[in-house]
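Next come the chains, spelled out residue by residue.
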Amino acid sequence: MAAYYVVLIASLGILLLVFALLKKIRYDMLVVLWHAFIVKSIINFFKGNTREQRLLDFALKTATRGDPQSVINAIDQYCSQTEWAMNIGDEKGLIMDKVVKECNPDMLLEMGTYCGYSALRTACIIKPTAQLLSLEIDPRVAEIAKQMIEFAGVQDKVKVIVGSTQDIIPQLKKKSEVDTFDYVFLDHWKDRYAPDTKLLEEHGLLRKGTVLLADNVICPGAPEFLQYVRNSPHYECTYYPAHIEYNKTIEDGLEKAVFKG
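Source: prediction; values computed, not measured.

Undergrad: Can you explain the overall build of the protein chain? Please cite residues and give values.
TA: Looking only at helices and strands, the protein chain features twelve helices and seven strands. Partitioning the contacts of the protein chain with sequence separation of at least 6, the portion at a separation of at least 24 is 72%. Total accessible area on the protein chain is roughly 12,700 Å²; 57% of this is exposed by carbon and sulfur atoms.

Undergrad: Explain the sheet that holds strand E7 (residues 251–259) to me, and be specific about the residues and the numbers.
TA: Across the sheet, which stays open at both edges, the seven strands sit in the order E3-E2-E1-E4-E5-E7-E6 with mixed pairing between neighbours. The open sheet terminates on both sides in strands that have one partner only, identified here as strand E3 (158–162) and strand E6 (235–243). The sheet shows a mean angle of 15° between the axes of neighbouring strands, direction not considered. The pairing of strand E1 (residues 107–111) with strand E4 (residues 181–186) spans four bridges and is parallel. Among the inter-strand pairings, Met111 is bridged to a residue of E4, identified as Leu186. On top of the sheet, helix H7 (residues 139–152) reaches strand E2 (131–136) and E3; it is set at about 170° to E3, its chief contact. Running over the sheet, helix H10 (residues 193–202) touches E1, E4, strand E5 (206–214), E6 and E7 and is turned about 165° from E5.

Undergrad: Tell me what's going on with the packing of aromatic side chains, and back it up with residues and numbers.
TA: Scanning the entire structure with this criterion turns up four aromatic pairs. Their ring planes at 55° and their centres at 5.3 Å tell us that Tyr235 and Phe259 sit as a pair that is tilted. Placement of the pair is Tyr235 in strand E6 and Phe259 in strand E7, with a sequence separation of 24 residues. One exposure class covers both Tyr235 and Phe259, and it is buried. Taken together, Tyr228, Tyr235 and Phe259 form an aromatic cluster joined through their ring pairs.

Undergrad: I'd like a description of the packing of H10 against helix H12 (residues 223–230), backed by residues and values.
TA: Contact geometry for H10 and H12: axes closest at 7 Å, N-to-C directions at 40°. Looking at the two axes, H10 sits oblique to H12. Packed against H10, whose contacting residues are Tyr193, Ala194, Thr197, Lys198 and Glu201, the element H12 presents Glu224, Phe225 and Tyr228 at the interface. Partitioned by chemical class, the residues of the contact of H10 with H12 number four nonpolar, one polar and three charged.

How each quantity is defined
- Residues numbered from 1 in each chain as written.
- Predicted model: local features only at pLDDT ≥ 70, side-chain atom pairs only at ≥ 80, totals over all residues.
- Heavy atoms only, no water.
- Helix = DSSP H or I, 4+ residues; strand = E, 2+ residues; numbered from the N terminus.
- Contact = heavy atoms within 4.5 Å.
- Areas by Shrake-Rupley, 256 points an atom, 1.4 Å probe, with all protein chains shown as cover.
- Pairing = 2+ DSSP bridges.
- Axes fitted to C-alpha atoms, helices over the stretch in contact; angles between N-to-C directions.
- Phe/Tyr/Trp six-rings, centres within 6.5 Å; stacked < 30°, edge-to-face > 60°.
- Buried < 20%, exposed > 50% of the residue type's maximum accessible area, 1.4 Å probe, protein only.
- Parallel < 35°, antiparallel > 145°, perpendicular 65-115°, else oblique.
- Nonpolar A, V, L, I, M, F, W, Y, C, P; charged D, E, K, R; others polar.

Structure (structure tokens):
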């Protein structure tokens, strides 16, 4: 069984390489795909659990309960020294921190909770009365995030909602009693950035001055989103160059788009 699985993973790796060559995928994108899927699958098999569970276990073992900064530090340590994971990371996290501080929001939306890293960074900055709604499509990952958030002691500020953005966004006003958002962080499927931005507009969830911040707009990239907000008279955009999470050589960046109404 083990030999079969190794052969399967090797075959997937070869297929990924062939696909990359045929589609002329950039080297940086290939590296991300390799770590996100192939390496992750191999380690998951031999460890008998998931990368996200290993990350949670490390944080629970090394961080301090009720201290969100110590949990953030533990995640950064694990992802930079042990296993790469697709958090926003420390470099881009500082940019996000700055944008959130400048925005000083009361009601926030995050699309793509993953293990809760960006939610923890945000919770450390926002005022005690502010509320962050974080959407995650994968229930298994959402459960990891909930445990991470509870351990850090910020569960009063952060609420994780499980489901797809296209299903949840139209229900936010009714089910979550949201009027409009002051800040929106996009870090989920990149091909959903543009349609979900339009959904937020259609359902009246953006106000004049709402700040949208999108991660990974260069790697793996969100070209439709960039084309939409940069060419729309309803947004004022700023690009922040950086690198892919926990990597100092592969270029990436964040796009801030302020809704002008």
